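Below are the chains, spelled out letter by letter.
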Number of protein chains: 2
Amino acid sequence: MRDDTLPWPFRDTRITDLFGIRYPIIQAGMVWAAGAKLAAAVANAGGLGLIGSGSMKPDLLARHIRKAKSLTGSPFGVNIPLLRGDADELVQTVIDHGVRIVFTSAGSANRFTPYLKEHGVTVVHVVPSATLSKKVEAAGCDAVVAEGFEAGGHNGPDMITTIALVPQAADAVSIPVIAAGGIAHGRQVAAAFLLGAAGVQIGTRFAATVESSAHDNYKRAVVEADDRATVFHLRKIGPARMIRNRWTDRVAEAEARGASREELLELLGRKREMRGIFEGDLDEGQVEAGQGSGLICDVPPAADVLRGLVEQTNEAVRDAGVARRR
Amino acid sequence: MRDDTLPWPFRDTRITDLFGIRYPIIQAGMVWAAGAKLAAAVANAGGLGLIGSGSMKPDLLARHIRKAKSLTGSPFGVNIPLLRGDADELVQTVIDHGVRIVFTSAGSANRFTPYLKEHGVTVVHVVPSATLSKKVEAAGCDAVVAEGFEAGGHNGPDMITTIALVPQAADAVSIPVIAAGGIAHGRQVAAAFLLGAAGVQIGTRFAATVESSAHDNYKRAVVEADDRATVFHLRKIGPARMIRNRWTDRVAEAEARGASREELLELLGRKREMRGIFEGDLDEGQVEAGQGSGLICDVPPAADVLRGLVEQTNEAVRDAGVARRR
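Definitions and limits used
- Sequence order as written defines the numbering, with residues in each chain counted from 1.
- Chain A is the first chain written and ligand 1 is the first ligand written, with later ones labelled in order.
- With the structure being a predicted model, the display of local features is reserved for residues of pLDDT at least 70 and the display and counting of side-chain atom pairs for 80 or more, all residues being used for whole-chain, interface and lining totals.
- Secondary structure counts use DSSP, requiring at least four H or I residues in a row for a helix and at least two E residues in a row for a strand, with both numbered from the N terminus.
- It is over C-alpha atoms that the radius of gyration is taken, and the globule rule equals 2.2 Å times the number of residues to the power 0.38.
- To sort residues by exposure, count the other C-beta atoms lying within 10 Å of each residue's C-beta; 20 or more gives buried, 12 or fewer gives exposed, and values between give partly exposed, all with C-beta atoms placed from the backbone.
- In this description, any two residues whose backbone-derived C-beta atoms lie within 7 Å of each other are considered to be in contact.
- Relevant arc is that of directions from the helix axis to the C-beta atoms, nothing else.
- The nonpolar core criterion groups buried Ala, Val, Leu, Ile, Met, Phe, Trp, Tyr and Cys residues into a set whenever they are joined through C-beta atoms within 7 Å.
- When the copies are superposed, the least-squares fit takes in the C-alpha atoms of residues with a pLDDT of at least 70 in both.
- Any residue outside Ala, Val, Leu, Ile, Met, Phe, Trp, Tyr, Cys, Pro, Asp, Glu, Lys and Arg is labelled polar, Gly included; the first ten of those are nonpolar and the last four are charged.
- Fitting a line to C-alpha atoms yields each axis, with helices limited to the stretch in contact; the angle taken between N-to-C directions then spans 0 to 180 degrees.
- For any helix crossing, the convention is left-handed if the near helix is rotated counterclockwise from the far helix by under a right angle, and right-handed if that rotation is clockwise.
- Pairing between two strands is assigned when DSSP locates at least 2 bridges connecting them.
- By convention, a crossover is right-handed whenever its connection, traced from the first strand over the helix to the second and viewed with the strands pointing away, goes clockwise.
- Oblique is the label for any angle not covered by the other classes, which are roughly parallel (under 35 degrees), roughly antiparallel (over 145) and roughly perpendicular (65 to 115).
- Note that the domain bounds reflect an automated or database-derived domain assignment.
- Scored from 0 to 100, pLDDT records how confident the predictor is in each individual residue.

Within chain A, the secondary structure is distributed over 14 helices and 11 strands. For a compact globule of 326 residues, the expected C-alpha radius of gyration is about 20 Å, and chain A comes in at 18 Å, within 12% of that figure. Across its three principal directions, the C-alpha atoms of chain A cover 60 × 45 × 40 Å. In chain A, which comprises 326 residues, the proportion classed as buried is 60%. The long-range share in chain A, meaning contacts at least 24 apart out of those at least 6 apart in sequence, stands at 64%.

Next comes the structure, spelled out in structure tokens:
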């Protein structure tokens, strides 16, 4: 699978070997953006595509899995956020439909890893701290995603950033560490490998592609975002990063005056992510995106993004005066 | 000055040439930790040492400048936080005492840059966003420090992290970008260069050295810190990162219930940084430190830190399979 003519940093084959893919670049399984079309496009281009089940009922997830299989013969996976009340049904769905790769997040790695492993699934869990990465290894996962504070969407309470987190996680565990959070350009991919990562997981950059299910307004908002565009809110009820808008300003105002959990849940309401990402309501929706948004200035096909990331990585290495290995 | 036998990333000579130093590694001018002894030790080891004037009256700063000159013949500089009421006196003090390098922070780059440049001073300004880095360039500064949210001590309100900030700042300006925030190990130095930096500014790692004026308790706290040890508070009155303790728990509780600026100023009280950093009160002081603290596990002489950073950088590059240039 692996392309032996690729220069560093794609020489580290732990992640490509683990998943049977060409590039150690993983497209995050984002709610309302990462369906079968996006995951299959990334898989066909040589990365690992993930279906984001966070916005799907089990039957819809099953349809996306079947569709992805019809669109690609390459490996793909499913992300399952464990805060979902029906997480066990989602887990059963991926097993029943023969998915071989599962990323779990927003919960304990102990919960489903043994069951998934019994069924031959490769399991990766997402954590926001080096401390928690040890629990992932102990739970028997095959790899861990160390996701920094700059990531879009749901996030950890400790606010540890990618450049601080990745080396500490790499020191803490023996399983491969996949860096995530704020990565939207190949310069950052190359940097992540130097920090000790064996792969990268990239969200927002893939949410702003042709195959993403996100609304065109959402994609335009990411393109227009600068480095200060995103905000981090809702620590009391579930921290998340999103593009600042009229609704987040109300949240900020409420948080500044010490609003209760109840009031924040009321302000959040229902289907806020769907409204922001899928329906494109840029004023009142939760427009989840990472701090890498400022580096994104187009909405190309996902395959072009993947190819671009690889080229940028090589270019960053060349520009820095780093010679090819071999 | 530069050592031509050094491997990448020390081939980028913009920062070494600008300051006339050997390694593009700058020791941050930290309050209560960075006096003449630390700045001179770093200068003698080939980095750029900065005296932190944030905790000094003009006459004490003058004494530190004279002492640094007696301890090293190599270039050193002074950091001046512009939020100080007597910033103009500090600026005059550095000019009167022939300091050739000044880093300004916590204010507008326009305020003193023209005056300092008239007096032949090399001026660098610290910013927390790519957007503000453009203003630094427009103000005529020679370089800009792009400091991420993971940095210890005072910080910007936008909470942009180093891995997201540095490439965006490098794209935004033509002057050299110095990366700061969370950097305590050579892996991160190498990563910073791939992100587009031409140098790094490192705080906490140098605060936990023999020559640092910080209290031994402070240094021990940094050594014992893990990746989740630091917290970010006081956004309403001046955001800062510090090691969590009894006092920060009270601040967190007050902030969660929406405490006013007045109440937070009351909770902060006076000389909280001195208490935490210089007097070593780990329960009630403001123990400023960055998220890189989890990577720090000893209190060596500053020269050993500098040498270690260079060795780690080279090792990271070697481990990643990156060949030497030439």
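Residue and element names in this part refer to chain B. The set of residues buried in helix α6 (residues 130-138) consists of A130, L132, S133 and V136. Take α6 and look down its axis: the buried residues cluster within an arc of 150 degrees, on one side only. Tucked inside the fold, the buried residues of α6 contact β5 (122-127), β6 (143-147) and α7 (162-172). Within two residues after α6, G140 carries a phi angle of roughly 95 degrees, on the positive side.

This part covers the nonpolar core. Core analysis: the biggest nonpolar cluster contains 220 residues, and V144 and I178 of chain A together with V144 and I178 of chain B have the highest contact counts within it. Sequence-distant contacts of I178 of chain B, defined by excluding residues within four places in its chain, comprise I15, I26, V124, A143, V144, V145, A197, A198, G199, V200 and Q201 of chain B.

The next subject is the relation of the copies chain B and chain A. After a rotation of 180 degrees and a shift along the axis of 0.0 Å, chain B superposes on chain A with an RMSD of 0.0 Å. Read as a symmetry element, the transformation amounts to a two-fold axis. Residue G258 of chain B of chain B places its C-alpha closer to the rotation axis than any other residue of that unit, at 1.8 Å. A shared interface surface links the copies, since 100% of the contact residues of chain B are contact residues in chain A too.

Moving on, we get to the interface of chain B and chain A. Taken together, the contact between chain B and chain A spans 47 residues of the former and 47 residues of the latter. A class-by-class count of the residues in the side of chain B that touches chain A yields 22 nonpolar, 15 polar and 10 charged.

One non-glycine residue with positive phi stands out, namely L234 of chain A, at about 65 degrees. Summarising the element assignment, L234 of chain A is placed in the loop between β10 (230-233) and β11 (240-243). Judged by the 22 C-beta atoms lying within 10 Å of it, L234 of chain A falls in the buried class. Phi at K271 of chain B takes a positive value of approximately 55 degrees, unusual for a residue other than glycine. The topology assignment puts K271 of chain B in the loop between α12 (261-268) and α13 (272-278).

Here we take up the packing of α6 of chain B against α7 of chain B. Residue and element names in this part refer to chain B. Packing of α6 against α7 leaves a shortest axis separation of 8 Å and a crossing angle of 35 degrees. The two elements α6 and α7 meet at a crossing, and its hand is right-handed. Where α6 abuts α7, its residues A130, S133 and K134 lie against L165, Q168, A169 and A172.

Residue and element names in this part refer to chain B. The element β6 is largely enclosed, with a buried count of five among its five residues. Pairing geometry for β5 and β6, over four bridges, is parallel. Looking across to β6, one finds that V127 is bridged to A146. A crossover connection joins β5 to the parallel β6 through α6; in handedness this β-α-β unit is right-handed. Where β6 meets strand β8 (residues 177-180), four bridges bridge the pair, whose relative direction is parallel. Considered in β8, the bridge of A146 is made with A179.

This part takes up the packing of helix α11 (residues 246-256) of chain A against helix α12 (residues 261-268) of chain A. Helix-helix packing: each pair is described by the crossing angle between the helix axes and the interaxial distance. Residues and elements named next belong to chain A. Between α11 and α12, the shortest axis-to-axis distance is 11 Å and the interhelical angle comes to 175 degrees. The pairing of α11 with α12 is recorded here as roughly antiparallel in orientation. Taken together, the residues of α12 that come into contact with α11 (itself represented by R250, V251 and A254) are E263, L264 and L267. Class assignment for the residues of the contact of α11 with α12 results in four nonpolar, no polar and two charged.

For the rest of this paragraph, the subject is the domain arrangement of chain A. All names here are of chain A. Assigned domains within chain A: domain 1 (14-213 + 297-319) and domain 2 (216-291). Taking only C-alpha atoms, the centre of domain 1 and the centre of domain 2 are 23 Å apart. At the junction of the two partners, domain 1 supplies 22 residues and domain 2 supplies 16 residues.

Residues and elements named next belong to chain A. Strand order in this closed barrel of eight strands is β1-β2-β3-β4-β5-β6-β8-β9, and the pairing throughout is parallel. Sheet twist, expressed as the average angle between the axes of neighbouring strands with direction ignored, equals 25 degrees. Bridge count for strand β1 (residues 25-27) against strand β2 (residues 48-52) is two bridges, and the pairing is parallel. Pairing of I26 across the sheet is with L48, part of β2. Running over the sheet, helix α2 (residues 36-44) touches β1, β2 and β3 (76-81) and is turned about 170 degrees from β2.

The next thing to look at is the sheet that holds strand β4 (residues 101-105) of chain B. If you walk around this closed barrel you meet the eight strands as β1-β2-β3-β4-β5-β6-β8-β9 (chain B), and the pairing is parallel. Averaged over all pairs of adjacent strands, the angle between their axes in this sheet comes to 25 degrees, without regard to strand direction.

Residues and elements named next belong to chain B. Mapped onto the fold, I95 is located in helix α4 (residues 87-96). Exposure remark for I95: the 17 C-beta atoms within 10 Å place this residue in the partly exposed category. Spatially, the C-alpha atom of I95 lies 19 Å from that of A34, the residues being 61 residues apart in sequence. Excluding residues that lie within four positions of it along the chain, I95 makes contacts with H119 and V121.

Bringing helix α11 (residues 246-256) of chain B into the picture now. Residue and element names in this part refer to chain B. For α11, every residue scored as buried is listed here: W247, T248, V251 and E255. On an axial view of α11, the arc spanned by its buried residues comes to 95 degrees, and they lie on one face. Facing away from the buried side of α11, by more than 90 degrees, are the exposed residues R246, D249 and E253. At its buried positions, α11 is contacted by β10 (230-233), β11 (240-243) and α12.

The next subject is the confidence of the model for chain A. Residue and element names in this part refer to chain A. Looking at chain A, pLDDT values average 94 and 95% of them are 70 or higher. Low pLDDT (under 50) marks residues 322-326, which in the prediction has 14 contacts with non-local residues, meaning those over four places away or in another chain. Scored by ipTM, the complex comes to 0.95, with pTM at 0.96.

Residues and elements named next belong to chain A. On the secondary structure map, Q188 appears in helix α8 (residues 186-194). Here Q188 falls in the buried class, since 33 other C-beta atoms lie within 10 Å of it. Residues Q188 and L48, spaced 140 residues apart in sequence, show a C-alpha to C-alpha distance of 18 Å.

Residues and elements named next belong to chain B. Among the five residues that make up strand β2 (residues 48-52), five are buried, leaving the element largely enclosed by the rest of the structure. The side-chain alternation of β2 yields two buried faces, one formed by L48, L50 and G52 and the other by G49 and I51. After leaving strand β1 (residues 25-27), the chain enters helix α2 (residues 36-44) and then returns to the sheet as β2, a path that is right-handed. Note: β2 against strand β3 (residues 76-81), four bridges, orientation parallel. What sits directly across from G49, in β3, is F76. In this region the chain leaves β2, passes through helix α3 (residues 58-71) and returns to the parallel neighbour β3; the handedness of that crossover is right-handed.

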